[in-house]
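Structure assessment
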Amino acid sequence: MLLSIALQACAHQAADPAPTAVAVAIRDTPPAELLACPQRPEGFPLDSIATLPKPVREAAMRLAQSYAEIADQLERLIGWHGPSCPRETPDA
Amino acid sequence: MTALLSLIGKHRADLTLLAVALAAAGLWVAYASTKAELTETTLRAEQICAAAGSAYQPATGKPGEACARQVTRLTAFKSEAQDKTNEALLAAMHAREEKQARDAERRQARLESRLAALSAMHTAEEEVHDDQVTGSWFAALNRLAGLRAPGR
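Definitions and cut-offs
Residues numbered from 1 in each chain as written. Chains lettered and ligands numbered in written order. Predicted model: local features only at pLDDT ≥ 70, side-chain atom pairs only at ≥ 80, totals over all residues. Helix = DSSP H or I, 4+ residues; strand = E, 2+ residues; numbered from the N terminus. Axes fitted to C-alpha atoms, helices over the stretch in contact; angles between N-to-C directions. Parallel < 35°, antiparallel > 145°, perpendicular 65-115°, else oblique. Left-handed = near helix turned anticlockwise from the far one by under 90°. Contact = placed C-beta atoms within 7 Å. Nonpolar A, V, L, I, M, F, W, Y, C, P; charged D, E, K, R; others polar. Pairing = 2+ DSSP bridges. Buried ≥ 20, exposed ≤ 12 C-beta atoms within 10 Å, placed from the backbone. Core = buried A, V, L, I, M, F, W, Y, C linked by C-beta atoms within 7 Å. pLDDT = per-residue confidence, 0-100.

Details of the overall build of chain A
Assigned secondary structure in chain A consists of one helix and three strands. Starting at the N terminus and walking to the C terminus, you meet the elements of chain A as β-β-β-α.

Given below as structure tokens:
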């Protein structure tokens, strides 16, 4: 949360100056577009059989892990600013 | 001694006049210095009141009355503003703590879920023979990446 100091002008006035907070809260929510939950794409088909050499499988696993970490981090960031993203639980 | 007394007796009237004149001069000096002090004090009061955004001697009312009210108002304003500022800061601090706790919970849950997916992936990987991957391996990969199951 950001705080901004807004000094009320102490004017030469006869009327009572209404006491206000010097530090006021400012909502600095990012635009809605930035807070849109990431859409998880559909995964690999389960009824296929493929021949994948070990290095290729390892690269695919690295990508998958990295994707999950980034998506999780993004969803946490979105949750920090507002309502949390609905948790999709992909089937094992 | 007698000579001195007779001298005083002879000049009594002159001496009385001298004493009265001295007293008058003393009084005049006291009056003048008091007046100077009063002028200076009034000037200071006017400066102080002007600094507080008021006037010491306004067109109506007793001197200093409006100014004293203004100073009281300013003091109250300052303390109330300070209180509200503290409240705002405290609320912000609490809000942040809550957010942090919520995020820590979420982070932990996701970490656990990713670790479970990774362990399932390792299991699936162990079951691969001759580089042939099947549905169970793809399912583990989908889960590891957090992808939706296909065909849904």
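Re the packing of helix H1 (residues 54-81) of chain A against helix H3 (residues 65-126) of chain B
The geometry of H1(A) relative to H3(B) is characterised by a closest axis approach of 10 Å and an angle of 165 degrees between their N-to-C directions. When the axis of H1(A) is compared with that of H3(B), the two are roughly antiparallel. Handedness of the crossing formed by H1(A) with H3(B): right-handed. For the pair H1(A) and H3(B), contact is made by Arg57(A), Met61(A), Gln65(A), Ala68(A), Asp72(A), Arg76(A), Gly79(A) and Trp80(A) and by Lys99(B), Asp103(B), Arg106(B), Arg107(B), Arg110(B), Arg114(B), Leu118(B), Met121(B) and Glu125(B), respectively. Here the residues of the contact of H1(A) with H3(B) sort into five nonpolar, two polar and ten charged.

Things to note about the interface of chain B and chain A
The interface of chain B with chain A comprises 40 residues on the first partner and 45 residues on the second. Mapped by element, the contributors of at least two residues to the side of chain B that touches chain A are H3, strand S1 (132-133) and helix H4 (135-145) of chain B. With 22 residues, H3(B) is the largest single contributor of residues to the side of chain B that touches chain A. Its residues assigned to classes, the side of chain B that touches chain A comprises 19 nonpolar, seven polar and 14 charged. In terms of strand pairing, strand S3 (residues 50-51) of chain A meets S1(B) through two bridges, oriented antiparallel.

Digging into the packing of H1(A) against H4(B)
At a closest axis distance of 7 Å, the pairing of H1(A) and H4(B) adopts a crossing angle of 35 degrees. Listed contacts from H4(B) to Ala60(A), Met61(A), Ala64(A), Gln65(A), Tyr67(A) and Ala68(A) of H1(A) are Leu141(B), Leu144(B) and Ala145(B). Split into classes, the residues belonging to the contact of H1(A) with H4(B) amount to eight nonpolar, one polar and no charged.

So, unusual backbone geometry
Residues and elements named next belong to chain B. Residues other than glycine seldom take positive phi values, yet Asp130 does so here, at roughly 55 degrees. Residue Asp130 is classed as exposed on the basis of its 5 C-beta neighbours within 10 Å. If you check the backbone angles, Asp131 has positive phi at about 60 degrees while not being a glycine. Among the structural elements, Asp131 can be located in the loop between H3 and S1. By the C-beta count within 10 Å, which is 12 here, Asp131 ends up exposed.

Quick notes on the nonpolar core
Among the nonpolar cores identified, the biggest contains 16 residues, and Ala64(A), Met121(B), Trp137(B), Ala140(B), Leu141(B), Leu144(B) and Ala145(B) are the most heavily contacted of them. Going through the elements one at a time, H1 of chain A together with H3 and H4 of chain B are the ones with two or more residues in this core. Among the elements that make up this core, the one with the highest residue count is H4(B) (seven residues). Setting aside residues no more than four positions away along its own chain, Leu141(B) makes contact with Phe44(A), Ala60(A), Met61(A), Ala64(A) and Met121(B).

Focus on the confidence of the model for chain A
Any region with low pLDDT has predicted coordinates that should not be read closely. On average, residues of chain A score 77 in pLDDT, and 67% of them are at 70 or above. Low pLDDT, under 50, characterises residues 1-14 of chain A; the predicted model gives this stretch 20 contacts beyond four residues in sequence or across chains.

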